[in-house]
Amino acid sequence: MDRTEKREFVATLAAVFASTSMVVVTRNDGLTVADVTQLRIRMRAAGATFKVAKNRLATLALDGTRFDGIAPLLKGPIALAWAADPVAVAKVAIEFARTNEKLVVLGGALGAQTLNADGIKALAELPSLDVLRAQLVGLISTPATRIAGVLQAPAGQLARVFGAYAKKDEAIAEAA
């Protein structure tokens, strides 16, 4: 990389750090090209990005951002993963690390909060953002459905009572 490429890389990474909500730091010592390609495919499918980064350039890009707490993790062969959905990037990284011992999750950051590897694992166990939204909508709509059912039940009962009286009156009128 020449100087202009390095500047562009730092500027691109700084823009990523300014716009994303989650960064995961991994050690990728000994991963083959096929392994990295497979990991990138999984990350892309989850809406995340996986990028091998030079430590010095990544540290320069981190300077002054809310993710500067992960700077101590940038030692050795590292790669960064990020996404707008924090759970998705953590899930993919943890799942891939379980199947490939050469990828080690070192930690990361969720906003200004720095997380260790256990924090990333805990985050990976949460449901995804879409699942959480669906659960929230389900929780909100369930009471409304129950309230509508309760409110409709007395009206239905009243209609049945009125119908019974009407039939009773008709039966009395026909008998007379």
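**Q** Help me understand the packing of helix α4 (residues 86-99) against helix α5 (residues 117-124), please; the structure alone is not making it clear to me.
**A** In a packed pair of helices, the relevant descriptors are the angle between the two axes and the axis-to-axis distance. Relative to each other, α4 and α5 sit at 110°, their axes nearing to 8 Å. Put simply, α4 runs roughly perpendicular to α5. The two elements α4 and α5 cross, and the hand of that crossing is left-handed. Only Ile120, Lys121, Leu123 and Ala124 of α5 make contact with α4, whose side of the interface consists of Pro86, Val87, Ala90, Lys91 and Ile94.

**Q** Any chance you could explain the nonpolar core here in plain terms?
**A** Generally speaking, a soluble globular protein has its nonpolar side chains buried in company with each other. The biggest cluster of nonpolar side chains holds 25 residues, and the ones touching the most others in it are Met22, Val24, Met43, Phe50, Val89 and Ile120. Within the residue set of this core, elements represented by two or more residues are β1 (22-27), α2 (33-45), β2 (48-53), β3 (78-83), α4 and α5. Among the elements that line this core, the one with the most residues is α4, at eight residues.

**Q** Got a minute to help me understand the pairing of β1 in this structure?
**A** If a strand is regular, its side chains alternate between the two faces of the sheet. Of all six residues in β1, five are buried, a share of seventy percent or more. Pairing of β1 with β3 involves six bridges; the strand directions are antiparallel. Looking at β3, one finds that Thr26 is bridged to Ala79. Note that β1 and strand β4 (residues 104-110) share six bridges and pair antiparallel. By the bridge assignment, Val24 is partnered in β4 with Gly108.

**Q** Got a minute to help me understand α4 in this structure?
**A** Note on helix geometry: an α-helix contains 3.6 residues per turn, so any two residues three or four positions apart are oriented the same way. With 14 residues, α4 extends 21 Å from end C-alpha to end C-alpha; this agrees with the ideal 20 Å at 1.5 Å per step. The element α4 is extensively covered by neighbouring structure, given that ten of its 14 residues are classed as buried. Within the span of α4, buried status applies to Pro86, Val87, Ala88, Val89, Ala90, Val92, Ala93, Ile94, Phe96 and Ala97. Packed against the buried residues of α4 are β1, α2, β2, β3, β4 and α5.

**Q** Would you take a moment to explain the side chain of Asn100 for this structure?
**A** Secondary-structure assignment places Asn100 in the loop between α4 and β4. On the basis of relative accessibility, which here comes to 9%, the residue Asn100 falls in the buried class. In this structure the side chain of Asn100 is engaged in a polar contact, spanning 3.0 Å, whose partner is the backbone nitrogen of Lys102. The contact partners of Asn100, leaving out residues within four places of it in the chain, are Leu31 and Asp35.

**Q** Got a minute to help me understand the packing of α2 against α4 in this structure?
**A** At a minimum axis separation of 10 Å, α2 and α4 run at an interaxial angle of 150°. When the axis of α2 is compared with that of α4, the two are roughly antiparallel. Taken as a pair, α2 and α4 cross one another with a handedness that is right-handed. Between α2 and α4, the contacting residues are Asp35, Gln38, Leu39, Arg42 and Met43 on the first element and Val89, Val92, Ala93, Phe96 and Thr99 on the second.

**Q** I'm lost on the sheet that holds β3 in this one. Help?
**A** One open sheet accounts for five strands, arranged β2-β3-β1-β4-β5; its pairing is antiparallel. Because the sheet does not close on itself, it has two edges, and the strands there are β2 and β5 (113-116). Sheet twist, expressed as the mean angle between neighbouring strand axes with direction ignored, is 20°. Relative to β5, β4 is paired through four bridges, and the arrangement is antiparallel. Among the inter-strand pairings, Ala109 is bridged to a residue of β5, identified as Thr114. Strands β2 and β3 of the sheet are contacted by α2, whose axis makes an angle of about 145° with β2.

Reading guide: rules and limits
- Residues numbered from 1 in each chain as written.
- Predicted model: local features only at pLDDT ≥ 70, side-chain atom pairs only at ≥ 80, totals over all residues.
- Heavy atoms only, no water.
- Axes fitted to C-alpha atoms, helices over the stretch in contact; angles between N-to-C directions.
- Helix = DSSP H or I, 4+ residues; strand = E, 2+ residues; numbered from the N terminus.
- Parallel < 35°, antiparallel > 145°, perpendicular 65-115°, else oblique.
- Left-handed = near helix turned anticlockwise from the far one by under 90°.
- Contact = heavy atoms within 4.5 Å.
- Core = buried A, V, L, I, M, F, W, Y, C linked by side-chain atoms within 4.5 Å.
- Buried < 20%, exposed > 50% of the residue type's maximum accessible area, 1.4 Å probe, protein only.
- Pairing = 2+ DSSP bridges.
- Expected span 1.5 Å × (residues − 1).
- Polar contact = N/O pair within 3.5 Å; in protein donor to acceptor, adjacent residues only side chain to side chain.

Taken by themselves, the reported measurements are silent on function.
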